[in-house]
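# Results of the structural survey
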Amino acid sequence: MDTRPILFFDSGVGGLSIVGPARGALPDAPFVYAADSAGFPYGTKSEAEIAARVPVLLGRLAERYRPRLIVIACNTASTIALPVVRAALDLPVVGTVPAIKPAAALSVTRTIGVLGTEATVRQAYVDDLAARFAGDCTVLRYGSAALVEMAEAKLHGRAVAPDRYAAVLDGLFSQPGGERIDVIVNACTHFPLVEAELAMAAPGVRFVDGGPGIARRIVHLMQGESWSGAGEGTAVFTRLGDEERALAPALAARGFARIEQL
């Protein structure tokens, strides 16, 4: 029986927002969720640090778990390291990029916000997406390391004051023309984990992310594959301490009953 899993990779727990739609599309597939907890967060790191770190880690993960497909469930890592990873590994690699195209299709005011990490929103890749798919829109960007930490706190069961979400969104709305934003791209996989809180802080604004599209891409690439598992999953961390072990209930609820260290 073919027990090779699909492997999801992120700096922290944000990639779980990609796991959800993928699990719904392929409920019998075995998953491995890998978090680079020793390198978290990526959004405040330099491009050179991420470009050097991510391919090495994915090489080690591929050697240990022999996945049939890897999903880089991190916008920052994808916009910086995806081409190098694809060149280095002899298996399909799916990246996660800001959902600017569907956001532009939804926008009535033709003003959209891109909410990501600092490292993601400054990438030329985002410039290209905006030019190709939102050329008739005003595209405003804001990078927030705080919101990444807030999403992590939520999965740890720690309370976050609602006004902190409003303060993050003000980074978009306070920009010239920001009052016209009617669609916001959650351009970090952490952010869909707190979409309900963001929506409460911005009534009437729609939020979009890449999760559903990535799930469709995985299904397309895995056509004809058979699955020997019943959706079992393993979570692996590059550093496994008390903070990571405290995530066990949230991980188990998403199908990752086993926790390991790389």
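Refer to the structure printed above.
The present account deals with the structure reproduced in this document. (Residues numbered from 1 in each chain as written. Predicted model: local features only at pLDDT ≥ 70, side-chain atom pairs only at ≥ 80, totals over all residues. Heavy atoms only, no water.)

## Things to note about the sheet that holds strand E2 (residues 31-35)
What the six strands build is an open sheet, ordered E4-E3-E1-E2-E9-E10; its pairing is parallel. Every other strand in the sheet has two partners, leaving strand E4 (93-94) and strand E10 (258-261) as the edge strands with one partner each. Of the strand pairs in this sheet, strand E1 (residues 6-10) and E2 are connected by five bridges, and their pairing is parallel. Within E2, the residue paired with Asp-10 across the bridge is Ala-35. The strands touched by helix H10 (residues 211-221) are E1, strand E3 (69-72) and E4; relative to E3, the strand with the most contacts, the crossing angle is about 165 degrees. (Pairing = 2+ DSSP bridges. Helix = DSSP H or I, 4+ residues; strand = E, 2+ residues; numbered from the N terminus. Contact = heavy atoms within 4.5 Å. Axes fitted to C-alpha atoms, helices over the stretch in contact; angles between N-to-C directions.)

## What about the environment of Asp-90?
If you trace the backbone, Asp-90 turns up in the loop between helix H3 (75-88) and E4. Distance in space between the C-alpha atoms of Asp-90 and Ser-46 is 27 Å, their sequence separation being 44 residues.

## Here we look at the sheet that holds strand E6 (residues 138-143)
Ordered in space as E6-E5-E7-E8, the four strands form an open sheet in which the pairing is parallel. At either margin of the open sheet sits one strand with a lone partner, and together these are E6 and strand E8 (206-208). Within this sheet the neighbouring strands show an average axis-to-axis angle of 25 degrees, counted without direction. Pairing geometry for strand E5 (residues 111-116) and strand E7 (residues 183-186), over four bridges, is parallel.

## Section: the environment of Arg-60
Looking at the secondary structure, you find Arg-60 in helix H2 (residues 47-65). Here the alpha-carbon distance between Arg-60 and Leu-262, two residues 202 residues apart in the chain, equals 8.3 Å.

## Observations regarding the environment of Ala-88
Examined against the element boundaries, Ala-88 turns out to sit in helix H3. You can call Ala-88 exposed: its relative accessible area is 56%. Sequence spacing of Ala-88 and Tyr-33 is 55 residues, and the spatial spacing of their C-alpha atoms is 20 Å. (Buried < 20%, exposed > 50% of the residue type's maximum accessible area, 1.4 Å probe, protein only.)

## A look at the packing of H2 against H3
Two numbers describe a pair of packed helices, the interaxial angle and the distance between the axes. Packing of H2 against H3 brings their axes to within 9 Å, and their N-to-C directions diverge by 60 degrees. In terms of their interaxial angle, H2 and H3 are classed as oblique. Two packed elements cross with a definite hand, and for H2 against H3 that hand is right-handed. Contacts between H2 and H3 pair Glu-47, Ile-50, Ala-51, Val-54, Pro-55 and Leu-58 from the former with Thr-76, Ala-77, Ile-80, Ala-81, Val-84 and Val-85 from the latter. Here the contact of H2 with H3 is composed, by residue class, of 10 nonpolar, one polar and one charged. (Parallel < 35°, antiparallel > 145°, perpendicular 65-115°, else oblique. Left-handed = near helix turned anticlockwise from the far one by under 90°. Nonpolar A, V, L, I, M, F, W, Y, C, P; charged D, E, K, R; others polar.)

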